[in-house]
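What follows is each chain in one-letter form.
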Amino acid sequence: MAEEKEEIVMTPSKKGKTTQIRIEKRRKLDLGLDDSVEHVGGGRHSGLVVNKQADTDDLDLTRPQLQIGFNCFLVDQKTEHRMVESRRLKFWYVDGTEYLDQVTTAYEFFKELVKPENFPRDYVGFIKKCMKQMQKPEYKLAKMVDLEIKLLDEEDAPLSPGLNREDKRPTEDIVREKMLHILESAYPNVLEVEDLIRMTQADEAIVRLQLSELKQRDLVREVENGKIVRHVLEDDKTEVQMVKQMPTIAANQQPTIAIITANYGEKLAVDAMMESKTTFVKFKSEGESNVYTMGYIGEHRVVSTKLPAIGHARAAQISSGNTTTRLLGTFQNIEHVFVVGIAGGVPHYTDYYKHVRLGDIVVSACDSGDSLYYYCEKVLRNKEGDIQFKFKTFTPKEKDLQNVLEKLKDRSRRKPEKAPWEKYITEGLETLKNQEADFNRPPPESDRLYMGIGDDNVIEVQHPESPDSVMNLHQGSPNIHFSPIGSGRFYKSEQLRMDFAQRHGVMCFDTEFDQVLESIVGNRKDSFLFIRGIADYGDGTRNKEWGPYASLVAASMMKAIIKMISNPCLSEDED
């Protein structure tokens, strides 16, 4: 009966280009039908009261307890004119509401408000939906919501993902960049010039001219029969050998840790963490080449490699599995396998503690079912129309690395100011400073978060603010998260990906590594771990700007974990 004694009262106000909509719960006894009331709802809108426009100065609003800011990128379906509205939802709660309940209420309120299937397309519909939601019992802890709406001028409006600025660089520069990216993806394999012409869809004369410039800059080199391969700009600590067969490695020099990367930048970052290293390129002019870099991290002998292709195209499946099998067959003393690189983070729009941002690190911690990797094979609907996921999981039989993670968490709690990976990031930047890619942390304003709402419309959501009780000791440094890793065939559906993540506690998604894991498990390697640097909020491949830095932070965390692995022949690393 308590709900019948409350009305949802909306009071609008306007100042300049900003419209303020205050929506609050009031007891009926506190309401009088005076001159301030514009309309009292009836029927299905019973319990809704609309006040006349008030003066902004008359709205006494204390600081909100939680807020969500977002930009709406809207398209007029008739004129196709694009406009951007800045909107901000501010929440106040009943006395005594815990932070977790504040976050949950705001998140569920926001998620329901922006559901793609019924997102309000106009100003009035958006306000009406806010008022109707305030009547629902699941939002009983919210006593007031303030909606701030501002239409941004064209020159002030940020660009949406679909409105990227036109690349006005000369065609030659664009083609040269494409070729370098293609050769890096294929590395250590070689490509024909004809392959580059086909893949860039550029004029042959331009391709050959830009190849000549890349050769002069020592970024690519020509091998047998005029084929092209990416030339690695090794640092002065690395020896490079081109071999037809791997040389015999003495028993005491056999690596015990294998590190698998998928991207060129990932391997550069991993190798930057090693000392006394040698790179062997097992070269083939036909078929797949292999690259192995051996060196030391702490007292551990390690070997890294790069997969020439990943994903679920048939060729990529065969290639990634075969490369992993060859790695583990070549180096048979491997005890631990690390898969290190970039991934797409799973954002949380209201909970600061669960939100994953660009440049953060996610380490694959086992869940209650001992799974550290979830691969979604298929998305199905049952007879009732409910979404079901067909998936497989991967579980390490040996828990040594999981035990190290527990030590890492404990040390982070006891000594939050001591983060060894930050030192390794700094050292890695010095090692990688002469590379073509920039491994420095991008500016914070480039960390933008979007949500699709259907019909090519998107909203840009602001990152959740840290609670007053939280002081970030490492501003501008990566936050560390521990959770299972996810991947799979979601057909680029953000909604399906978020649903899967919520069901299984996944905090990031990477490219499909199930074939790599099948090979690891098939070769009876029972200790493995994923470390992912967050490069975007999608599938881990779209944001070129954050990719190098995300690779570096993942490699730095890898070094911190490897140095914490106990070695019975050696004394423990210093705390």
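Because the structure is a prediction, the values reported are computed rather than measured. (Residues numbered from 1 in each chain as written. Predicted model: local features only at pLDDT ≥ 70, side-chain atom pairs only at ≥ 80, totals over all residues. Heavy atoms only, no water.)

## Things to note about the overall build of the protein
Definition in use: We count a stretch as a helix when DSSP gives it H or I for four or more residues in a row; a strand needs E for two or more, and each element gets its number in order from the N terminus. The cut-offs for exposure are 20% and 50% of the maximum accessible area for each residue type, with area from a 1.4 Å probe on protein chains only; residues under the lower value are buried, those over the upper are exposed, and the others partly exposed. Contacts were defined at the residue level, with two residues in contact if any of their heavy atoms lie within 4.5 Å. Calculation of accessible area relied on Shrake-Rupley with a 1.4 Å probe; when residues are assessed, cover is drawn exclusively from the protein chains displayed.
Within the protein, the secondary structure is distributed over twelve helices and 24 strands. Counting across all 575 residues of the protein, residues that qualify as buried make up 50%. Of all intrachain contacts in the protein linking residues separated by at least 6 positions in sequence, the fraction that spans at least 24 positions is 73%. Here the protein displays about 28600 Å² of accessible surface, and carbon together with sulfur accounts for 47% of that area.

## Remarks on the pairing of strand 2 (residues 18–27)
Heads up, the condition is: The pairing criterion for strands is at least two bridges between them, as found by DSSP.
The element strand 2 is extensively covered by neighbouring structure, given that seven of its ten residues are classed as buried. With ten bridges joining them, strand 1 (residues 6–15) and strand 2 adopt antiparallel strand pairing. Directly across from Glu6, in strand 2, lies its bridge partner Arg27. Bridge count between strand 2 and strand 7 (residues 142–151): seven bridges; the pairing is antiparallel. Bridge pairing links Thr19 to Ile149 in strand 7.

## Details of the pattern of salt bridges
Worth spelling out the cut-off: Each salt bridge in this description consists of a side-chain nitrogen of Lys or Arg and a carboxyl oxygen of Asp or Glu lying within 4 Å of one another.
Under the criterion given, the structure shown has 25 salt bridges. The partner of Glu192 in a salt bridge is Lys227, and the shortest N-O contact between them spans 3.7 Å. Of the two residues, Glu192 sits in the loop between helix 3 (171–186) and helix 4 (193–200) while Lys227 sits in the loop between strand 8 (220–222) and strand 9 (228–230), which places them 35 residues apart along the sequence. What makes Lys227 buried here is its relative accessible area of 5%. Here the salt bridges do not stand alone but share partners, grouping Arg22, Glu24 and Arg26 into one network.

## Details of helix 8 (residues 400–414)
Stated formally: Expected span of a helix: the number of residues minus one, times 1.5 Å.
Here helix 8 is 15 residues long and its end C-alpha atoms lie 21 Å apart, about the 21 Å a rise of 1.5 Å per residue gives. Listing the buried residues of helix 8 in full gives Leu401, Gln402, Val404, Leu405, Leu408 and Arg411. Those residues of helix 8 hidden inside the fold are in contact with strand 15 (336–345), strand 16 (361–364), helix 9 (420–431), strand 21 (480–483), strand 24 (528–536) and helix 12 (547–562).

## Section: the packing of helix 3 against helix 5 (residues 204–216)
For clarity, the threshold we go by: Fitted lines through C-alpha atoms serve as axes, helices being fitted only where they are in contact, and the angles separating the N-to-C directions of these axes extend from 0 to 180 degrees. Working definition: roughly parallel below 35 degrees, roughly antiparallel above 145 degrees, roughly perpendicular at 65 to 115 degrees, and oblique for all remaining angles. A crossing counts as left-handed when the near helix is turned anticlockwise from the far one by less than a right angle, and as right-handed when that turn is clockwise. Amino acid classes used here: Ala, Val, Leu, Ile, Met, Phe, Trp, Tyr, Cys and Pro are nonpolar; Asp, Glu, Lys and Arg are charged; the rest, including Gly, are polar.
With their axes 9 Å apart at the nearest point, helix 3 and helix 5 run at an angle of 70 degrees to one another. One element, helix 3, and the other, helix 5, form an angle in the roughly perpendicular class. As helix 3 runs across helix 5, the sense of the crossing is right-handed. Each of Thr171, Glu172, Val175, Arg176, Met179 and Leu180 in helix 3 lies in contact with helix 5, whose residues at this interface are Ile206, Val207, Gln210, Leu211, Glu213 and Leu214. Considering only residue class, the contact of helix 3 with helix 5 consists of seven nonpolar, two polar and three charged.

## Remarks on helix 3
Compared with the 22 Å implied by 1.5 Å per residue over 16 residues, the 23 Å span of helix 3 between its first and last C-alpha is a close match. Where helix 3 is concerned, the buried positions are Val175, Arg176, Met179, Leu180, Ile182, Leu183, Glu184 and Ala186. Contacts from the buried residues of helix 3 go to helix 4, helix 5, strand 8, strand 9, helix 6 (264–271) and strand 14 (300–306).

## Regarding the nonpolar core
One broad trend across soluble globular proteins is that nonpolar side chains are buried collectively. Cut-off, in case you're wondering: Nine residue types can take part in a nonpolar core, namely buried Ala, Val, Leu, Ile, Met, Phe, Trp, Tyr and Cys, and a core is a set of them joined through side-chain atoms within 4.5 Å.
Within the largest apolar cluster, 120 residues are counted, with the highest numbers of intra-cluster contacts made by Leu89, Phe110, Ile259, Phe338, Ile531, Met558 and Ile561. Excluding residues within four positions of it along the chain, Ile531 makes contact with Phe338, Val339, Val340, Gly341, Ile361, Val362, Val363, Ala554, Met557, Met558 and Ile561. Within the second largest apolar cluster, 17 residues are counted, among which are Leu183, Leu214, Val220 and Ile228.

## Regarding the environment of Phe439
Examined against the element boundaries, Phe439 turns out to sit in the loop between helix 9 and strand 19 (449–452). Overall, Phe439 belongs to the buried group, its relative accessible area being 2%. The spatial distance from the C-alpha of Phe439 to the C-alpha of Pro548 is 4.8 Å, given a sequence separation of 109 residues. Contacts of Phe439, omitting those with residues within four sequence positions, involve Gly265, Leu268, Ala269, Leu429, Leu432, Pro548, Tyr549 and Leu552.

## Examining unusual backbone geometry
With an omega of 10 degrees, the peptide bond between Tyr187 and Pro188 qualifies as cis. Mapped onto the fold, Pro188 is located in the loop between helix 3 and helix 4. Even without being a glycine, Gln201 presents a positive backbone phi close to 55 degrees. Structurally, Gln201 can be placed in the loop between helix 4 and helix 5. Look at Gln201 and you get exposed, because its relative accessible area is 74%.

## What to know about the confidence of the model for the protein
In low-pLDDT segments, the atomic positions of the prediction should not be examined closely. For clarity, the cut-off: Every residue is assigned a pLDDT by the predictor, reflecting its confidence on a scale from 0 to 100.
Of all residues in the protein, 87% have pLDDT values of 70 or greater, and the mean over the chain is 85. Below pLDDT 50 for its whole length, residues 568–575 participates in eight contacts with residues either more than four positions away or in separate chains.

## Some details on the packing of aromatic side chains
Defined as follows: Here is the rule: rings of Phe, Tyr and Trp (six-membered ring for Trp) pair when centre to centre is within 6.5 Å. Planes less than 30 degrees apart are stacked, more than 60 are edge-to-face, and the remainder are tilted.
Inspection of the entire model under this criterion finds 19 aromatic pairs. Look at Phe91 and Phe109: their rings are 5.6 Å apart centre to centre, the planes differ by 85 degrees, and that puts the pair in the edge-to-face class. On the criterion of sequence distance, the pair formed by Phe91 in strand 6 (residues 82–93) and Phe109 in helix 1 (residues 99–113) is long-range, its members being 18 residues apart. On the basis of relative accessibility, which here comes to 0%, the residue Phe109 falls in the buried class. Judged by centre distance (6.3 Å) and plane angle (45 degrees), the ring pair of Phe500 and Phe509 falls under tilted. When sorted by exposure, Phe500 lands in the same class as Phe509, which is buried. An aromatic cluster is defined as three or more aromatic residues linked by ring pairs; in this entry it consists of Tyr374, Phe389, Phe391, Phe500 and Phe509.

## Things to note about the packing of helix 3 against helix 4
Here helix 3 crosses helix 4 at 120 degrees, and the two axes come no closer than 10 Å. Handedness of the crossing formed by helix 3 with helix 4: right-handed. Along the contact surface, helix 3 presents Lys178, Met179, Ile182 and Leu183, while helix 4 presents Leu196, Met199 and Thr200. Looking at the contact of helix 3 with helix 4 residue by residue, the classes come out as five nonpolar, one polar and one charged.

## Considerations on the environment of Met179
Its location among the elements puts Met179 in helix 3. The spacing of Met179 and Val207 is 28 residues in sequence and 8.2 Å in space, taken between C-alpha atoms. For Met179, the residues in contact, after removing those within four places along its chain, are Leu196, Thr200, Val207, Gln210, Leu211 and Leu214.

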